[in-house]
Amino acid sequence: SQKIGNGSDRFAMHVKGLELGGANPILHHDRGLQYAVCDRGGCHHYGLNIQEQNYRAWADSLVVCTWHQPFIDIELYLKMINAATGWDLSVDAWNKTAQRMLILARSYNIREGTKPTEDDILPRRIHEEPITRGPKKGSYYPLEKFEKDRATWYENIGCDENGIPTKKILKEL
């Protein structure tokens, strides 16, 4: 769309250069937020909330599939990790380590030039063009709601209002 110009960027449905995953963020605002804040862009694999993001960060590190998540308890993973490593990892340590992974990825991207308030966004059409037919006709993801959702996520993960990890969270992790 940069080469074509003439407003064609309006049709480039991506976040950070990655096309949107399998769910429509107009209908699934949690997926839209996930696409926006994900370190990779419009990826459906990041997790819908912080607990799921923590799980997926660990699953990626353990090189296991995350699609079976609803069927396997974190406690089972902890037993396997502890048996294999000799550690005594708790659920709290699991979550803190996952947060460290997520914040490290975010920090690396920021160091490399990502600007969260400019890049943790969705295509404008998600906020401006409602669905035109079907049972969800008129639905869209209002920009104001998205910005509120993003601000809440920033706060919950340990970032400031601009999406930058705080000094406090960096020292803590």
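Since the model is a prediction, treat every value here as computed from it, not as a measurement.

## Observations concerning the environment of Val37
The topology assignment puts Val37 in helix α1 (residues 29-37). Setting aside chain neighbours within four positions, we find Val37 in contact with Lys16, Tyr46, Arg106, Asp120, Arg150, Trp153 and Tyr154.

## Let's talk about the packing of aromatic side chains
Under the defined criterion, the tally for this structure stands at 6 aromatic pairs. Where Tyr55 meets Trp94, the ring centres are 6.4 Å apart and the plane angle is 45°; that geometry is what we call tilted. Here Tyr55 is found in helix α2 (residues 50-62), whereas its partner Trp94 is found in helix α4 (residues 91-111), with 39 residues between them in sequence. Judged by its relative accessible area of 2%, Tyr55 falls in the buried class. On the numbers, 4.9 Å between centres and 10° between planes, the contact of Trp58 with Trp94 is stacked. One end of the pair, Trp58, is in helix α2; the other, Trp94, is in helix α4, with 36 residues separating them in the sequence. Exposure class is identical for Trp58 and Trp94. Each is buried.

## Here's the deal with the environment of Glu75
By secondary structure assignment, the location of Glu75 is in helix α3 (residues 74-85). A relative accessible area of 41% means that Glu75 is categorised as partly exposed. Each C-alpha atom, one on Glu75 and one on Asp9, is 45 Å from the other, the two residues being 66 residues apart in sequence.

## Here we look at unusual backbone geometry
At Asn6, a residue that is not glycine, the phi angle is positive and equals roughly 55°. Mapped onto the secondary structure, Asn6 falls in the segment before β1 (14-15). Phi is positive for Lys16, close to 55°, though the residue is something other than glycine. When you line up the elements, Lys16 lands in the loop between β1 and β2 (18-19).

## Regarding empty space enclosed by the protein
Considering all chains together, one arrives at 1 cavity of 30 Å³ or more under this definition. Roughly 90 Å³ of internal volume is contained in the largest cavity. What lines the largest cavity is a set of 13 residues, and nearest its centre among them are Val37, Cys38, Asp39, Arg106 and Asn109. With 5 residues, α4 is the single largest residue contributor to the lining of the largest cavity. By residue class, the composition of the lining of the largest cavity is 7 nonpolar, 2 polar and 4 charged.

## A word on the layout of surface pockets
Of the voids in this model, the largest pocket is the one considered here, and its volume is about 290 Å³. Asp9, Ala12, His14, Ile121 and Pro123 are, among the 15 residues lining the largest pocket, the residues nearest its centre. Every element with two or more residues in the lining of the largest pocket is listed here: β1, α5 (116-119) and α6 (124-128). Residue composition of the lining of the largest pocket, grouped by class: 5 nonpolar, 3 polar and 7 charged.

## Some thoughts on the nonpolar core
Counting residues in each nonpolar core, the largest one holds 35 residues, and the members touching the most others are Trp94, Leu122 and Trp153. Sorting the residues of this core by element identifies α1, α2, α3, α4 and α7 (143-157) as the ones contributing at least two each. Excluding its chain neighbours within four sequence positions, the residues that come into contact with Leu122 are Val15, Pro25, Gly32, Tyr35, Ala36, His127, Tyr141 and Phe146.

Basis of the calculations
Residues numbered from 1 in each chain as written. Predicted model: local features only at pLDDT ≥ 70, side-chain atom pairs only at ≥ 80, totals over all residues. Heavy atoms only, no water. Helix = DSSP H or I, 4+ residues; strand = E, 2+ residues; numbered from the N terminus. Contact = heavy atoms within 4.5 Å. Phe/Tyr/Trp six-rings, centres within 6.5 Å; stacked < 30°, edge-to-face > 60°. Buried < 20%, exposed > 50% of the residue type's maximum accessible area, 1.4 Å probe, protein only. 1 Å grid on protein atoms, 1.4 Å probe; cavity = no way out; pocket = protein on both sides within 12 Å on 5 of 7 lines; lining within 4 Å. Points joined across faces, edges and corners; volume = space filled by probe spheres on them. Nonpolar A, V, L, I, M, F, W, Y, C, P; charged D, E, K, R; others polar. Core = buried A, V, L, I, M, F, W, Y, C linked by side-chain atoms within 4.5 Å.

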